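Spelled out from the first residue to the last, the chains are:
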Amino acid sequence: MPDLRKLYEAILSGDAKSAVAVTREALAENADPLELVSQFMVPAMDEVGKRFECEEYFVPELLISARAMKGALELLRPLLAARGAEPLGRVAIGTVKGDLHDIGKNLVGSLLEGGGFEVIDLGSDVAPEKFVAAVREKGANIVALSALLTVTMPSMKTTIEALRQAGVREGVKVIVGGAPVTEQYAREIGADGYGDNATAAVALARRLMGRQTTEVPSEGAMAIEGHWDVT
Ligand code: B1M
């Protein structure tokens, strides 16, 4: 097994080539993809964020670290998304309007696929009308909203309002998450549930679709009371 600390260092220093090489080597040695993500890659991005906060890193450093993270994730994505034949439901996922952060959203999307869902990825900076269209035209059962910026969190509320105004809110479950989002905020804006990480989002989605599961740990998955009753 390669020294996985190198994966952490490669993402922290924005060395995409090395991040991809170490990931490839680790996979060849049967490393668990989810462990690579949670123990090395996400902590590296957290450290990038801390350095940005104390002005040791600036936007260019964020961008090159994000590129290294994405390069490594590309190799892991098919493994995280491998699933059986019959989808449990259809999820329309996106990062809300005004927000360009898509790494966490992509991770949640891949794990939802791996957890048995068909995923419609609407991308980042997604306008409320696009979520409405995904429900109307593509029959999404779950709308999954990600936000990484405090200033874009209100776009989650706007999106839920748009679903209501379009008359489709009752027919879908809305789940929310992203670093600044809290269970309390999810409650305030009338979401059906909140996940504080990608595996929690899968547990939540399964539960909202009426599929209790022991395969996926549900720690960090919060359903909002009164919305928890599943059919
Ligand atoms: Co920006 N950024 N960024 N950034 N960035 C943060 C978020 C920040 C916390 C950095 C900091 O100050 N410490 C800060 C936000 C402060 C705030 O509002 N609270 C910030 C800022 C300020 C900005 C800009 C405004 C900077 C500027 O231009 N001056 C700007 C905004 C641009 C915009 O969106 N309009 C900006 C830009 C960028 C880049 C484009 C350079 C780049 C993003 C590249 C990309 O995504 N393609 C970037 C990056 C990389 C970061 C940090 C460093 C890393 C984010 C990341 O990918 N984390 C970030 C600091 C940090 O988070 N520590 C930061 C790894 C990822 C796996 O985690 O996305 O949290 P995360 O997802 C997790 C959970 O949150 C959860 O599951 C995931 C896996 O566990 N989750 C869900 C996410 N969505 C979910 C949905 C769910 C459930 C769970 O249900 C639906």
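Reading the values: the criteria
- Residues numbered from 1 in each chain as written.
- Predicted model: local features only at pLDDT ≥ 70, side-chain atom pairs only at ≥ 80, totals over all residues.
- Heavy atoms only, no water.
- Helix = DSSP H or I, 4+ residues; strand = E, 2+ residues; numbered from the N terminus.
- Donors = N, O, S within 2.8 Å, 3.2 Å for Na, K, Ca; no water.
- Polar contact = N/O pair within 3.5 Å; in protein donor to acceptor, adjacent residues only side chain to side chain.
- Domains from an automatic or database assignment.
- Contact = heavy atoms within 4.5 Å.
- Buried area = accessible area lost by both parts, 1.4 Å probe.
- Salt bridge = Lys/Arg side-chain N within 4 Å of Asp/Glu carboxyl O.
- Pairing = 2+ DSSP bridges.
- Axes fitted to C-alpha atoms, helices over the stretch in contact; angles between N-to-C directions.
- Buried < 20%, exposed > 50% of the residue type's maximum accessible area, 1.4 Å probe, protein only.
- pLDDT = per-residue confidence, 0-100.
- Near = heavy atom within 4 Å.
- Nonpolar A, V, L, I, M, F, W, Y, C, P; charged D, E, K, R; others polar.

### A few points about the environment of glutamate 35
Relative to the helices and strands, glutamate 35 resides in helix α3 (residues 33-53). Taking the C-alpha atoms as reference points, glutamate 35 and alanine 134, separated by 99 residues in sequence, lie 32 Å from one another.

### Observations concerning the coordination of the cobalt atom of the ligand
In this structure, the cobalt atom of the ligand receives exactly one donor atom from the protein: His101 (NE2), at 2.2 Å. Within the secondary structure, histidine 101 is located in the loop between β1 (90-95) and α5 (103-114).

### Quick word on the side chain of aspartate 192
Tracing the backbone through its elements, the reader meets aspartate 192 in the loop between α8 (183-188) and β5 (193-195). Within the local environment of aspartate 192, its side chain forms a polar contact with the side chain of arginine 169, the two groups lying 2.9 Å apart.

### Examining the domain arrangement of the chain
For the chain, the assigned domains are domain 1 (5-85) and domain 2 (90-208). The distance between the C-alpha centroids of domain 1 and domain 2 comes to 23 Å. Contact residues are listed per partner, giving 13 residues for domain 1 and 13 residues for domain 2. For the domain 1 and domain 2 pair, buried surface summed over both sides reaches about 1,100 Å², with 67% attributable to carbon and sulfur atoms. Connecting domain 1 to domain 2 are two salt bridges.

### Observations concerning the sheet that holds β1
The six strands lie next to each other as β2-β1-β3-β4-β5-β6, forming an open sheet whose pairing is mixed. Looking at which strands have only one partner, the edges of the open sheet turn out to be β2 (118-121) and β6 (221-223). Strand-to-strand twist in this sheet, taken as the mean axis angle between neighbours without regard to direction, amounts to 20°. The sheet contact formed by β5 and β6 spans three bridges and is antiparallel. Directly across from glycine 193, in β6, lies its bridge partner alanine 223. Strands in contact with α5 are β1, β2 and β3 (142-146); relative to β1, the strand with the most contacts, it is inclined by about 170°.

### A closer look at the environment of alanine 162
On the secondary structure map, alanine 162 appears in helix α7 (residues 153-165). For the pair alanine 162 and valine 132, spaced 30 residues apart in sequence, the C-alpha to C-alpha distance is 7.0 Å.

### A look at the pattern of salt bridges
If you walk through the whole model with that rule in mind, you get ten salt bridges. Its salt-bridge partner being arginine 5, residue glutamate 9 comes within 3.5 Å of it at the nearest N-O pair. Placement of the pair is glutamate 9 and arginine 5 together in helix α1 (residues 5-13), with a separation of four residues, close to one helical turn. By relative accessible area, which is 47% here, arginine 5 ends up partly exposed. Here arginine 90 ties to glutamate 118 by a salt bridge, and the two come within 3.2 Å at their closest N and O atoms. Here arginine 90, found in strand β1, pairs with glutamate 118, found in strand β2; they are 28 residues apart in sequence, far enough to count as distant. Judged by its relative accessible area of 29%, glutamate 118 falls in the partly exposed class. Through salt bridges with shared partners, one network takes in Glu47, Arg51 and Glu56.

### Observations regarding the confidence of the model for the chain
Across the chain, pLDDT averages 91, with 91% of residues at or above 70. Taken together, the stretch residues 225-231 has pLDDT below 50 and engages in 16 contacts with residues farther than four places along the chain or on a different chain.

### As for the site of the ligand
Surveying the vicinity of the ligand reveals 36 residues, the closest of which are Glu53, Leu100, His101, Asp102 and Thr150. Contact between the ligand and histidine 101: a nitrogen atom at 2.8 Å from a side-chain N or O atom of the residue. At 3.2 Å from an oxygen atom of the ligand is found a main-chain nitrogen or oxygen belonging to alanine 179. The set of elements that each furnish at least two residues to the shell around the ligand consists of α3, α4 (59-81), α5, β3, β4 (173-177) and α9 (198-208). Tallying contributions element by element places α3 first for the shell around the ligand, with seven residues. When the residues that make up the shell around the ligand are grouped by side-chain class, the tally is 21 nonpolar, ten polar and five charged.

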